[in-house]
Amino acid sequence: MKISVITITYHDGDLLRRAIDSVYAQRLPEGVELEHIIVSSDTDIAKNGVYCHAAASGSIIIETPPKGCYNALNQGIRRATGDIIGMLHGSDMYACIDALARVADVFAKENHDFIYGDVKYIKASSPQTERRYYSARSFTPEMMLSGIAPPHPSLYIRKSVLDKEGLYEEDYITGADFDLFARLFFGPERYCYGYLPGALTAMELGGLSTTFYNTLVVNTREKIRALRKNGLPVNLFKILSRYIWHLKRQ
């Protein structure tokens, strides 16, 4: 089994070095191969010591002009040769040293097409301190109709499924991951999926999708668009009620 981890980055600096070290600190079981692909929108990366560190560690580096995070993810997926695809943002890190081993174990034992787990939120100044925890334990596909999806950075999916379903829609700003989940849960294919308990990824607080405008306006608009695109009913009240759900989980 081969797991391809895609890291997209744009001016992440030393946090990217932390992400790279987190990847290569993973303890993989025998017979599991790791491929790490960095898709960078930084300029002149050859002179950046972080990228020299990545190349020396064995990472594949793709340099690309800034065209959005989903374009970068798609470039990484197209380059990937693994059986399983996952992602780790340049500002994030794995929550534990056996995260990928746990992922590999599930795919080896179960006939899953994709799995998802939990994420925890941290700050760069204190990465060992958990600021918030997002558990997908209680998630059901019906929650998508309220705009709630599993945490995207915890998604691990077979490359064959992405080849069949297609990649991320690049004309979304923040909603292409929600659209992908809608396709996986409600499309014509009946995929086998599972929940992997425990945090897989430690994410930095903040980011494009968590600004007030993107959360309230762009995120809501794009989730409505994704639901309609996938032939699902839209209820604006239900979608806005997800903020109450999130507040209860703080």
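See the structure above.
I will try to describe carefully the structure that is included in this document. (Residues numbered from 1 in each chain as written. Predicted model: local features only at pLDDT ≥ 70, side-chain atom pairs only at ≥ 80, totals over all residues. Heavy atoms only, no water.)

1. Digging into the nonpolar core
Thought 1: Grouped together as the largest cluster of nonpolar side chains are 45 residues, with contacts concentrated most on Phe114, Met144, Ile157, Tyr168 and Leu184.
Thought 2: Sorting the residues of this core by element identifies strand S1 (2-9), strand S2 (33-40), helix H3 (69-79), strand S4 (84-87), strand S6 (114-122), helix H5 (159-165), helix H6 (176-186) and helix H7 (212-229) as the ones contributing at least two each.
Thought 3: With seven residues, H6 is the single largest residue contributor to this core.
Thought 4: Sequence-distant contacts of tyrosine 168, that is, excluding residues within four places in its chain, are made with Tyr70, Leu73, Asn74, Ile77, His152, Leu155, Ala176, Asp177, Leu180 and Arg183.
Thought 5: By size, the runner-up hydrophobic cluster in this structure holds 18 residues, among which are Leu100, Val106, Tyr156 and Leu196. (Core = buried A, V, L, I, M, F, W, Y, C linked by side-chain atoms within 4.5 Å. Buried < 20%, exposed > 50% of the residue type's maximum accessible area, 1.4 Å probe, protein only. Helix = DSSP H or I, 4+ residues; strand = E, 2+ residues; numbered from the N terminus. Contact = heavy atoms within 4.5 Å.)

2. Thoughts on the environment of leucine 16
Thought 1: Structurally, leucine 16 is set in helix H1 (residues 14-24).
Thought 2: Distance from leucine 16 to histidine 89, taken between C-alpha atoms, is 8.3 Å for residues 73 residues apart in sequence.
Thought 3: Leucine 16 has contacts with Thr7, Thr9, Val50, Tyr51 and Gly90, leaving out every residue within four places of it along the chain.

3. Describing the side chain of serine 154
Thought 1: Here serine 154 lies in the loop between strand S7 (132-134) and strand S8 (156-158).
Thought 2: From its side chain, serine 154 meets the backbone nitrogen of glycine 117 in a polar contact 3.0 Å long.
Thought 3: What serine 154 contacts, discounting residues up to four positions off in sequence, is Ile115, Tyr116, Gly117, Asp118, Val119 and Leu200. (Polar contact = N/O pair within 3.5 Å; in protein donor to acceptor, adjacent residues only side chain to side chain.)

In short, geometric facts, not functional conclusions.
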